Amino acid sequence: DHGGEQLVVARVEVVEDRLRELVGLVEGQYTLTAEAESFCKGEKKPVQAGERNAQIVCEKQGAVRVYVTGHNGQALRRFVLEIKRFFPGQPENFGHVPEKQYPIEVSNARNGMYLLDGLNPEHYVLQVEAPNYAKNYSEAFQVTLGGEFPVVRVQLSAGGGIVG
């Protein structure tokens, strides 16, 4: 029982971008959800059991192009990125991005540039860390679908250490 409604879940592997038929459903209304790697989740509701030719459109996810430089403006080849959800009304608060829950270790960035793809349309900030540099955050940016990728530049300051 799901909020007073019965929840029916079926995982179906789709071959050649087509699902012929999903059989065995009891009469009623359903929500169809489609997920595919590098695409935003698509949903169609309500769908009646037995309905034919129900189509779900999943749009290609967006990306951000990030350039990371050191304190003298030199491009860094090695750094770690973490993407965080940004809330425009609450700029001091960041949120986790479920589809990117791990740090991304970049080990050979050409000219300090890395393309981070697989992002849903949202507002984000990037947390950037590199050896011998202090952690820094990017300015907030917005990822949209079907348009240009935002370009974000993050400059890191020289870091210190504690000895003893």
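Before any of the text, the structure's been laid out above.
Residues numbered from 1 in each chain as written. Predicted model: local features only at pLDDT ≥ 70, side-chain atom pairs only at ≥ 80, totals over all residues. Heavy atoms only, no water.

**Student:** Is there a simple way to explain the overall build of the protein chain in this structure?
**Tutor:** Of regular secondary structure, the protein chain possesses zero helices and 11 strands. Secondary structure elements in the protein chain, listed N-terminal to C-terminal, are β-β-β-β-β-β-β-β-β-β-β. Sorting the 164 residues of the protein chain into buried and exposed places 27% on the buried side. Of the contacts made within the protein chain by residues no fewer than 6 positions apart, 53% connect residues no fewer than 24 positions apart. Summed over all atoms, the accessible surface of the protein chain reaches about 12000 Å², with 44% contributed by carbon and sulfur. (Helix = DSSP H or I, 4+ residues; strand = E, 2+ residues; numbered from the N terminus. Buried < 20%, exposed > 50% of the residue type's maximum accessible area, 1.4 Å probe, protein only. Contact = heavy atoms within 4.5 Å. Areas by Shrake-Rupley, 256 points an atom, 1.4 Å probe, with all protein chains shown as cover.)

**Student:** Sorry, what's going on with the sheet that holds strand S7 (residues 113–119) here?
**Tutor:** Adjacent strands of a sheet pair through backbone hydrogen bonds, lying either parallel or antiparallel. The sheet built from three strands is open, its strands ordered S7-S3-S11 with mixed pairing. Among the strands making up the open sheet, the edge pair consists of S7 and strand S11 (151–155). Each adjacent strand pair in this sheet contributes to an overall mean axis angle of 25 degrees, direction not counted. Here five bridges tie strand S3 (residues 62–69) to S11, and the two strands are oriented parallel to one another. By the bridge assignment for S11, Arg-65 is matched with Val-151. (Pairing = 2+ DSSP bridges. Axes fitted to C-alpha atoms, helices over the stretch in contact; angles between N-to-C directions.)

**Student:** How do you make sense of the pattern of salt bridges when you look at a structure like this?
**Tutor:** In this structure the tally under the stated criterion is two salt bridges. Its salt-bridge partner being Lys-84, residue Glu-82 comes within 3.6 Å of it at the nearest N-O pair. Judged by its relative accessible area of 24%, Glu-82 is partly exposed. For Arg-85, the salt bridge goes to Glu-122, with nearest N and O atoms at 3.4 Å. Taken together, the residues Arg-85 in strand S4 (residues 79–86) and Glu-122 in the loop between S7 and strand S8 (123–129) connect sequence positions 37 residues apart. (Salt bridge = Lys/Arg side-chain N within 4 Å of Asp/Glu carboxyl O.)

**Student:** I'm lost on the environment of Phe-79 in this one. Help?
**Tutor:** For Phe-79, the position within the fold is in strand S4. The buried category is assigned to Phe-79, whose relative accessible area is 1%. Along the backbone, Phe-79 and Val-106 are 27 residues apart, and their C-alpha atoms lie at a distance of 5.3 Å. Setting aside residues no more than four positions away along its own chain, Phe-79 makes contact with Val-68, Ile-104, Glu-105, Val-106, Ala-109, Gly-112, Tyr-114, Val-128, Glu-129 and Ala-130.

**Student:** When you look at the packing of aromatic side chains in this model, what are you seeing that I'm missing?
**Tutor:** The geometry of an aromatic ring pair is captured by the separation of the ring centres together with the interplanar angle, meaning the angle of the planes. The final tally for this structure, using the stated rule, is one aromatic pair. Note on Tyr-124 and Phe-141: the rings are 6.1 Å apart at their centroids and 35 degrees apart in plane angle, and the pair reads as tilted. With Tyr-124 in strand S8 and Phe-141 in strand S10 (residues 141–142), the pair connects residues that are 17 residues apart, well separated along the chain. Phe-141 sits in the buried class, given a relative accessible area of 7%. A cation sits over an aromatic face here: Arg-153 above Tyr-67, 4.6 Å from the ring centre. (Phe/Tyr/Trp six-rings, centres within 6.5 Å; stacked < 30°, edge-to-face > 60°. Lys NZ or Arg CZ within 6 Å of the ring centre and 35° of its normal.)

None of the figures reported here should be taken as evidence of function without further support.
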